[in-house]
Amino acid sequence: RPYGRILLTGAAGGLGKVLRETLRPHARVLRLSDIAPMAPSEGPHEEVVVCDLSDKDAVDALMEGVDAVVHLGGISVERPFEEIIEANIRGTYHIYEAARRHGARRIVFASSNHVIGFHRQGVRLDSRSPRRPDGYYGLSKSFGEDLASFYHDRYGIETVSVRIGSSFPAPRNRRMMHTWLSYRDLTDLVRRGLFTPGVGHTVVYGASDNRDGWWDNSGAAILGYVPQDSSEPFRAEIERQPAPPADDPDQVYQGGAFTAAGPYENM
Ligand code: NAI
Ligand code: 15L
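Predicted model, so just to flag it, every value in this text is computed and none were measured.

Novice: An account of the site of ligand 1 is needed here, citing residue identities and associated values.
Specialist: Lining the immediate environment of ligand 1, one finds 26 residues, of which D34, L72, S76, Y137 and S167 sit closest. Within the backbone of G13, an N or O atom sits 3.2 Å from an oxygen atom of ligand 1. A distance of 2.9 Å separates a nitrogen atom of ligand 1 from a polar backbone atom of L53. Protein chains shield 85% of the accessible area of ligand 1, which is 810 Å² for the free molecule. Of all the secondary structure elements, the ones that give two or more residues to the shell around ligand 1 are α1 (14-22), β5 (106-112) and α4 (136-155). The residue inventory of the shell around ligand 1, partitioned by class, reads 12 nonpolar, 11 polar and 3 charged.

Novice: Tell me about the site of ligand 2, and name the residues and values.
Specialist: Taken together, the neighbourhood of ligand 2 is formed by S76, S112, N113, H114, Y137, G165, S166, F168, R175, M176 and F258. The separation between an oxygen atom of ligand 2 and a polar side-chain atom of S112 is 2.8 Å. Contact between ligand 2 and S166: an oxygen atom at 2.5 Å from a side-chain N or O atom of the residue. Protein contact buries 83% of the 320 Å² of open area that ligand 2 shows by itself. Considering only residue class, the shell around ligand 2 consists of 4 nonpolar, 6 polar and 1 charged.

Novice: Give me the lowdown on the environment of L30, citing residues and values where you can.
Specialist: Tracing the chain through its elements places L30 in strand β2 (residues 27-34). If we ignore the near neighbours within four places in the chain, the residues touching L30 are I6, L19, R20, L23, R24, H45, E46 and E47.

Novice: So, the sheet that holds strand β1 (residues 3-9): which residues are in play, and what are the values?
Specialist: An order of β3-β2-β1-β4-β5-β6-β7 is seen for the 7 strands of this open sheet, with the pairing classed as parallel. Sheet topology places β3 (46-50) and β7 (201-206) at the edges, where each strand pairs with a single neighbour. Looking at each pair of strands side by side, their axes are set apart by 20° on average, direction ignored. Of the strands in this sheet, β1, β4 (68-71), β5 and β6 (158-164) are in contact with helix α3 (residues 81-102), which crosses β5 at around 170°. Along the sheet face, α4 touches β5, β6 and β7 and points at about 155° away from the line of β5.

Novice: Which residues make up the packing of aromatic side chains, and what are the values?
Specialist: Considering all chains together, one arrives at 12 aromatic pairs under this definition. Residues Y137 and F258 carry aromatic rings whose centres are separated by 5.8 Å and whose planes lie at 50° to one another, so their mutual orientation is tilted. With Y137 in helix α4 and F258 in the segment after α8 (249-252), the pair connects residues that are 121 residues apart, well separated along the chain. Judged by relative accessible area, Y137 falls into the buried class, the value being 7%. Residue classification places F258 among the partly exposed residues on the basis of a relative accessible area of 22%. Every member of this aromatic cluster is reached through a ring pair, and the members are Y96, F150, Y151 and Y155. Cation over ring: R100 sits above Y155, and NZ or CZ is 5.4 Å from the ring centre. Sitting over the ring of F168, R172 keeps its end group 3.7 Å from the ring centre.

Calculation notes
Residues numbered from 1 in each chain as written. Chains lettered and ligands numbered in written order. Predicted model: local features only at pLDDT ≥ 70, side-chain atom pairs only at ≥ 80, totals over all residues. Heavy atoms only, no water. Near = heavy atom within 4 Å. Polar contact = N/O pair within 3.5 Å; in protein donor to acceptor, adjacent residues only side chain to side chain. Areas by Shrake-Rupley, 256 points an atom, 1.4 Å probe, with all protein chains shown as cover. Helix = DSSP H or I, 4+ residues; strand = E, 2+ residues; numbered from the N terminus. Nonpolar A, V, L, I, M, F, W, Y, C, P; charged D, E, K, R; others polar. Contact = heavy atoms within 4.5 Å. Pairing = 2+ DSSP bridges. Axes fitted to C-alpha atoms, helices over the stretch in contact; angles between N-to-C directions. Phe/Tyr/Trp six-rings, centres within 6.5 Å; stacked < 30°, edge-to-face > 60°. Buried < 20%, exposed > 50% of the residue type's maximum accessible area, 1.4 Å probe, protein only. Lys NZ or Arg CZ within 6 Å of the ring centre and 35° of its normal.

If you want it as C-alpha cells, here you go:
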C-alpha cells in the first residue's frame, strides 16, 4: 500500500531526478525538496519545496504531514569540513529531529561506500566490517548511520542506510566495475527500504550483481533484495580505457580517488 506522503530530499540531483519518476507509484504525494531549483510540480501528486537542509526551522516545516523520507540531499563528494558539516551533518540531524517531532516513522538514508573507503580493494566486507571513512564526506555518512541507529534505539524511527557504490547510468572506470548500482536496482532497493517491516536500523550495500564485487550483502536479505543488473555488459568498453598505474588510489582503495583528496588547510 502506498504511503500518503513521501519526502524526497536532494530531488534536483542525479539520483533525485531518477527517484522522482520511479517512486511515483509508492506515495499519493511526493514532496520534492532541494536547495537547487527543480522542475515544477507536474500535478497534485507532487509538491516542490526549495529548502536548505542546514536551516533547522525550514526542515521542520518541510516534514509537516510526511510519513516517510528518502534522504538523498547533501554534498555528494569530498569537500572541506566546513561545507560538509552544514549540509550533511547538521542537515541529516535536522531531518531526524523533524521526523521525530512530526511522527515520520521510516527513513531511507543515502549512505555511501566512502564510509568504508579506506579498505583496500579486493578485501571482502559486510555490513558489520569496521568502518574506515575516507574523508569528511565519508565521516558525515558514518555520522548519518549512527544518527539512524540512535533515533531507532531512542525513538523507534526505522532506517535503512544504503551504502551506495556508484550509481550512474553506466560505470565510468575500472573501479566502478566493482561498485556500480544501476538505477533499476537502486529503485528496487529504495522501495524495499521503504516498505519492508521490522528493519530497525539496517545497513546494506547499494550495488548491482557485479562480477568480483567487494561487498557481502547478506545483510540485505531482510529486504529480499536481489539485484537484477551487473556491470558486466560494460566491461569491454571500460577495459579499452588506458590502465591507470597500480599505485593509483583508484586502483588501491575501495573509495578510490576520494582517499587522496585534501588537505584543505588553505581554504
Ligand atoms: P547530487 O550531488 O547529484 O545530489 C545531491 C543533491 O543535494 C543536489 O541536488 C544538491 O543541490 C542537494 N543539496 C546539497 N546541499 C544541500 C543543502 N544544504 N540543502 C538541500 N539540498 C542540498 O548527488 P547524487 O549522485 O544524486 O546522490 C544522491 C545521494 O546519494 C547523496 O546523498 C550522495 O551522497 C549519495 N550517494 C550517491 C552515490 C552515487 O553514486 N550517485 C554514491 C554514494 C552515495
Ligand atoms: C559517492 O558517494 C558519490 O556521491 C558519487 O558521486 C560517486 O563518487 C560514488 O560515491 C563513488 O564512489 O563512485
